[in-house]
Amino acid sequence: MHLISTPNLARHDDFYEALLAAHRSCTADESAALNAQLVLILANHIGDLDVLTEALDLAKRGPD
Amino acid sequence: MPYDYQPYPYTPPPGLTAPEPRHRVVIVGAGPIGLAMALELANFGVASVILDDNNRVSVGSRAICWSKRSLEIFDRLGIGDRVLEKGVTWKVGRTFHRDREVFNFDLLPEDGHKMPAFVNLQQYYVEEYLIDAVLDQPLIDLRFQNKVTSIDQTGDSAFVDVETPDGEYALETDYILACDGARSPIRHAMGLDFEGELFEERFLIADIEMEANFPPERHFWFEPAFHPGQSALLHKQPDNIYRIDLQLGWEADPEHEKRPEVVIPRIEKVVGHDRFRLEWVSVYTFQCRRLDSFVHDRVIFVGDSAHVVSPFGARGGNGGLQDVDNLGWKLAAVLQGRADRGLLDTYDAERRFGADENIRNSSRSTRFMTPGDGAERLFRDEVLALAAKAPFAQSWVNSGRLSAPCVYPTTGPDDPTLPQGTRPGAVAADARLATGEWLLPQLTGEPTLLALGTTAPNLTGVRSLTPKLTEDLTHRYLGDAACAVYLIRPDQVIAARWTDATDAQIQAELDTIWTGARCI
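This text gives an overview of the structure that appears in the document. (Residues numbered from 1 in each chain as written. Chains lettered and ligands numbered in written order. Predicted model: local features only at pLDDT ≥ 70, side-chain atom pairs only at ≥ 80, totals over all residues.)

## Observations concerning the overall build of chain A
Turning to step 1, where the next piece is worked out: Scanning chain A from terminus to terminus reveals three helices and zero strands.
Turning to step 2, where the next piece is worked out: Secondary structure elements of chain A occur, N-terminal to C-terminal, as α-α-α.
Turning to step 3, where the next piece is worked out: Relative to the globule expectation of 11 Å for 64 residues, the C-alpha radius of gyration of chain A, 14 Å, shows a markedly less compact shape.
Turning to step 4, where the next piece is worked out: Here the C-alpha coordinates of chain A stretch approximately 35 × 25 × 25 Å along the principal axes.
Turning to step 5, where the next piece is worked out: A burial count over chain A gives 2% of its 64 residues as buried. (Helix = DSSP H or I, 4+ residues; strand = E, 2+ residues; numbered from the N terminus. Rg over C-alpha atoms; globule rule 2.2 N^0.38 Å. Buried ≥ 20, exposed ≤ 12 C-beta atoms within 10 Å, placed from the backbone.)

Next up, the structure:
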């Protein structure tokens, strides 16, 4: 299983809006905590260390 | 009752009056690892001299949690029953965040093993029992108040200078085993690098005596109300002794923290009253380091002298006993001409692998317990927060991943349809046999062919075992297969296994046990 980095979430605009809404009224610390929990929850859901490692690499990498 | 630290007698060694004949093995250090090493070698018929600068067992509980694997090794060394009888047997650990339990684990959820998951027993008792066994063993010459002042080696000999209350003498030996602990004077004298990580954290450690009905479990707290913002660990030991570890922070002054007037109020907050007696207190920092190589020609490092870990996970003393387990039969085989010295390189490779696994696990636990500022603390705190609402996060809470033997990397033949737990490189799983005996004690001393659902070929230099199949044997060794043959090393590590093999294939693998050719 590989990380999907091509379009995969059809209603991405909906998710993006929900993500911003979740952070609205958060302090910077609260936002950081929310993001940290999201990462942990999603990592568990994905359940594949290879995919997660690829995701970490993509996030750390500079623009192509 | 506080432990009675009796001095052991010093006897002037023969080397003071006349040169001693060359020895096979000189063991430096009479801690649990040096003593166990001598007993293990004696089981293979190898004589040794143990030199120790002291004449008492170690003070304070120190290494208290002895793992199932260590108990199996103790059993072989003749002290298993005493340790089991005296120690507090436990298998459940509970982890709390503030006042809420967030995670618990059961380290041995299945029956059918002679030894429990863990026994808590103060290090001084373990040393006492090992010394008793050593004093009963004519192949071991244990010398108290014999301090090693220098060592040297040439191509085919090693030399030790020793200081006693009656003066100095020298010994010549085939091998020196440095079992001289975390601060190893031999390692320092040889100028060897000890690479790794120092954690900037201090823990208070205390043994207290009190009457209490605390269950035989390991309890760990993150940020408890009784010790805000820090971590705490509680273990029950025999004699109504409880062991408490409290995180203090890097800024704490160790001398100040050790004073009874400072310690006692802290303990009162943990146990909720003042009806206890303080028996021993210390402040420790911890490191995760190891030697680049454990074998330096005729000087071999074993236990803490070779590798140190943080205490969370009980991987120090238990890791050292696994070194003993691995080295004993190999060194005996080399000394008895059954194997070339190259076999000792597999001790180095396998135990470095084991040490790395222990260091990795204990570093992770330490980082979870004492996170650095920024992202480390953020993720730690959010794992704890998530554990209250999402089951998956409970097992992410890391208060120590407790010692279990590693699975050595090997190219030994495997049949992957057989159960994973007994694959080559793993320690053979125990099981009760139809005769009522236990499997593991039958697998000591020499290689074994364990034939299940079939018969073992008649080969020389190997013991054959064909036990009647039981539910546990089938579950642990066969799975869905109808039959299998397992080849097991003298240290009870599985070397190879087949569901179908020719005698020649089995013979070839038996030969590689003595060459170490399957070790990666």
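Resuming the write-up.
## Description of the overall build of chain B
Turning to step 1, where the next piece is worked out: In terms of helices and strands, chain B carries 13 helices and 23 strands.
Turning to step 2, where the next piece is worked out: The C-alpha atoms of chain B give 24 Å as radius of gyration, which agrees with the globular expectation for 520 residues (24 Å, within 12%).
Turning to step 3, where the next piece is worked out: For the C-alpha atoms alone, the extent of chain B along its principal axes is close to 65 × 65 × 40 Å.
Turning to step 4, where the next piece is worked out: Within chain B, counting contacts between residues at least 6 apart in sequence, those at least 24 apart form 71% of the total. (Contact = placed C-beta atoms within 7 Å.)

## A short note on the sheet that holds strand E6 (residues 100-106) of chain B
Residues and elements named next belong to chain B.
Turning to step 1, where the next piece is worked out: Taken in spatial order, the eight strands line up as E6-E5-E13-E14-E15-E12-E16-E19 in an open sheet, and their pairing is mixed. Single-partner strands in this sheet number two, and they are E6 and strand E19 (307-308).
Turning to step 2, where the next piece is worked out: Judged from the six bridges that link them, strand E5 (residues 92-97) and E6 form a sheet pairing that is antiparallel. Across the sheet, Gly93 pairs through a bridge with Phe105, a residue of E6.
Turning to step 3, where the next piece is worked out: Sheet strands in contact with helix H10 (residues 375-387) are E5, E6 and strand E13 (218-222), and its direction is about 90° off that of E6. (Pairing = 2+ DSSP bridges. Axes fitted to C-alpha atoms, helices over the stretch in contact; angles between N-to-C directions.)

## Some details on the pairing of strand E20 (residues 448-452) of chain B
Working note: regular strand, side chains alternate between the two faces of the sheet.
Residue and element names in this part refer to chain B.
Turning to step 1, where the next piece is worked out: Most of E20 sits out of view: four of its five residues are buried.
Turning to step 2, where the next piece is worked out: The pairing of E20 with strand E21 (residues 463-465) spans three bridges and is classified as parallel. Bridge assignment links Thr448 to a residue of E21, and that residue is Arg463.
Turning to step 3, where the next piece is worked out: For E20 and strand E22 (residues 484-488), the ladder comprises five bridges, and the chain directions are antiparallel. Bridge assignment links Thr448 to a residue of E22, and that residue is Ile488.

## Here we look at the environment of B:Ala482
Turning to step 1, where the next piece is worked out: Considering the arrangement of structural elements, one finds B:Ala482 in the loop between helix H12 (471-478) and E22.
Turning to step 2, where the next piece is worked out: Sequence separation between B:Ala482 and B:Met37 is 445 residues, and the spatial gap between their C-alpha atoms is 39 Å.

## With respect to unusual backbone geometry
Residue and element names in this part refer to chain B.
Turning to step 1, where the next piece is worked out: Positive phi values are uncommon outside glycine, yet Asp239 reaches one of about 65°.
Turning to step 2, where the next piece is worked out: The residue Gln492 is not glycine, and still its phi comes out positive at about 70°.
Turning to step 3, where the next piece is worked out: Mapped onto the secondary structure, Gln492 falls in the loop between E22 and strand E23 (494-498).

## So, helix H1 (residues 12-23) of chain A
Turning to step 1, where the next piece is worked out: With twelve residues, H1(A) extends 17 Å from end C-alpha to end C-alpha; this agrees with the ideal 16 Å at 1.5 Å per step.
Turning to step 2, where the next piece is worked out: Count one or two residues on from H1(A) and you reach A:Ser25, which has phi positive near 70°. (Expected span 1.5 Å × (residues − 1).)

## Some words on the pairing of strand E1 (residues 23-28) of chain B
Residue and element names in this part refer to chain B.
Turning to step 1, where the next piece is worked out: Bridge count between E1 and strand E11 (residues 167-178): five bridges; the pairing is parallel. Paired with Val28 across the two strands is Ala178, which belongs to E11.
Turning to step 2, where the next piece is worked out: Judged from the three bridges that link them, E1 and strand E2 (residues 48-51) form a sheet pairing that is parallel. Paired with Val26 across the bridge in E2 is Val49.
Turning to step 3, where the next piece is worked out: This β-α-β element, E1 to helix H1 (residues 32-43) to E2, shows right-handed connectivity. (Right-handed = clockwise from strand over helix to strand, strands pointing away.)

## So, the sheet that holds strand E3 (residues 65-67) of chain B
Residue and element names in this part refer to chain B.
Turning to step 1, where the next piece is worked out: Reading across the sheet, the three strands line up as E3-E7-E4 and stay open at both edges, with antiparallel pairing between neighbours. Looking along the sheet, the strands with just one partner apiece sit at the ends: E3 and strand E4 (88-90). Neighbour-to-neighbour, the strand axes of this sheet turn through a mean angle of 30°, independent of strand direction.
Turning to step 2, where the next piece is worked out: Where E4 meets strand E7 (residues 118-120), three bridges bridge the pair, whose relative direction is antiparallel. The residue of E7 that forms the bridge with Trp90 is Phe118.
Turning to step 3, where the next piece is worked out: Strands E3 and E7 of the sheet are contacted by helix H2 (residues 68-77), whose axis makes an angle of about 80° with E3.

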